[in-house]
Amino acid sequence: MTESLKEPVLFAGEIDENINLSLPATSAEEYINQVIIEARRCESVVVSEIDETKLKKPTVNIKTLAGCTEAPASLGPSLEWQKCQVDDFSKIRLYIARVRDEIQTCKRKWKPPALKLPNVGEEKEWIKFLSDSNDGTCETLVPTLDIVLAINQPTIENLLEYLVDSVVEQGIIQFHIGRWIYVFLVALELPVNPDMCSCLRSLARICSVIRANETTPNASQVNTLNLMICLVARYFRQLDLADQ
């Protein structure tokens, strides 16, 4: 079958290699001869030579985003510790998902909390609201859960971006900020969109930088930083950022 495709469609006869290609063909046969001769003179592969001096330089500086900064030997988490954190995180996410489902199917009685929440886009107001909502006691579990259940997924994504931006700007992850980041990571639905993925990666990177710059390591602070990196890398599958 394929051999038949190689057979010539038109019979060109004897080819005169001395034919003047600058003159127009006087017959169909002469035209075909000119085409065949020109085809024979063409190289099989042609590479264009580019004069780089004439190329315009890019007007935007693009920086390649590196992975996480390697943890100092004494501060890096073990693989066993990371696995435990991911397991606990998964169990909490399953619990939140079950609560949402029970509310939607009317199996659980729940009404939104009587709270005045900031509007979407009011970053500073949200940061202040979340900071003021931090008590650090076990009794605050229900109010925290109510806040999470009262806001939709786009708002959760916005709040995560606000909190991560705050960590990047301040170069430190304060307790109440880390607490709310964890809460919203628990409520974050999968799969994450590209913007949210970028936000999570920024979180892991800045946590690794803060950890590497610790001059007087605090166990609680280091655990928080390790936890954020672990969840982004291990649970949200950004494995190139993981601590080994």
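What you are looking at is a predicted structure, and each value in this text was computed from that prediction instead of being measured.

If you trace the backbone, Arg93 turns up in helix H3 (residues 79-104). The side chain of Arg93 sits in the buried core without any salt bridge; Glu189 is the nearest counter-charge, 8.2 Å away. In this view, Arg93 contacts Leu185, Val186, Ala187, Leu188, Glu189, Leu190, Tyr235 and Phe236; residues no more than four positions away in its chain are not counted.

Their axes nearest at 10 Å, the elements helix H4 (residues 123-132) and helix H6 (residues 153-170) cross at an angle of 85 degrees. One element, H4, and the other, H6, form an angle in the roughly perpendicular class. Of the residues in H6, those in contact with Glu123, Trp126, Ile127 and Leu130 of H4 are Thr155, Leu159, Tyr162, Leu163, Asp165 and Ser166.

Glancing now at the nonpolar core. In terms of nonpolar packing, the biggest core is built from 51 residues, with Phe89, Leu163, Ile181, Phe184, Leu185, Leu203 and Met228 touching the most fellow members. Breaking this core down by element, the ones donating at least two residues are H3, H4, helix H5 (141-150), H6, helix H7 (175-187), helix H8 (194-212) and helix H9 (219-235). Discounting residues that sit within four places of it in the chain, Phe184 has contacts with Leu130, Val148, Ile151, Ile156, Leu159, Leu160 and Leu163.

What follows is about unusual backbone geometry. Pro191 follows Leu190 through a cis peptide bond whose omega is 0 degrees. Mapped onto the fold, Pro191 is located in the loop between H7 and H8. The backbone of Cys106 sits at a positive phi, close to 65 degrees, despite the residue not being glycine. Tracing the sequence through the fold places Cys106 in the loop between H3 and H4. Here Cys106 falls in the exposed class, since its relative accessible area comes to 69%.

Of the residues in the protein, 81% have a pLDDT of 70 or more, and the chain-wide mean is 81. Per-residue pLDDT, averaged within each element of the protein, yields its smallest value for helix H1 (residues 2-5) (56) and its largest for H8 (95). Here residues 135-142 is modelled with pLDDT under 50, and outside its nearest four sequence neighbours on either side it reaches 3 contacts, counting other chains as well.

Scanning all chains against the criterion turns up 6 aromatic pairs. Judged by centre distance (5.2 Å) and plane angle (75 degrees), the ring pair of Tyr235 and Phe236 falls under edge-to-face. The pair formed by Tyr235 and Phe236 is uniform in burial state, with each residue classed as buried. Among the aromatic residues, ring-to-ring pairing joins Phe89, Tyr182, Tyr235 and Phe236 into one connected group. Over the face of the ring belonging to Trp180 we find Arg179, whose NZ or CZ atom lies 5.4 Å from the ring centre.

Three- or four-residue spacings in an α-helix give side chains the same orientation, since the helix completes a turn every 3.6 residues. Between its first and last C-alpha, H6 extends 26 Å over 18 residues, near the 26 Å set by a 1.5 Å rise per residue. Within H6, the full set of buried residues consists of Gln153, Thr155, Ile156, Glu157, Leu159, Leu160, Tyr162, Leu163, Val164, Ser166 and Val167. Directly beyond the C-terminal end of H6, a positive phi value near 70 degrees is found at Gly171.

Here H3 is 26 residues long and its end C-alpha atoms lie 38 Å apart, about the 38 Å a rise of 1.5 Å per residue gives. Residues of H3 that are buried include every one of Gln82, Gln85, Val86, Phe89, Arg93, Ile96 and Val99, and no others. Looking one or two residues past H3, Cys106 carries a phi angle of roughly 65 degrees, positive in sign.

Basis of the calculations
Residues numbered from 1 in each chain as written. Predicted model: local features only at pLDDT ≥ 70, side-chain atom pairs only at ≥ 80, totals over all residues. Heavy atoms only, no water. Helix = DSSP H or I, 4+ residues; strand = E, 2+ residues; numbered from the N terminus. Buried < 20%, exposed > 50% of the residue type's maximum accessible area, 1.4 Å probe, protein only. Lys, Arg positive; Asp, Glu negative; His and termini not counted. Salt bridge = Lys/Arg side-chain N within 4 Å of Asp/Glu carboxyl O. Contact = heavy atoms within 4.5 Å. Axes fitted to C-alpha atoms, helices over the stretch in contact; angles between N-to-C directions. Parallel < 35°, antiparallel > 145°, perpendicular 65-115°, else oblique. Core = buried A, V, L, I, M, F, W, Y, C linked by side-chain atoms within 4.5 Å. pLDDT = per-residue confidence, 0-100. Phe/Tyr/Trp six-rings, centres within 6.5 Å; stacked < 30°, edge-to-face > 60°. Lys NZ or Arg CZ within 6 Å of the ring centre and 35° of its normal. Expected span 1.5 Å × (residues − 1).

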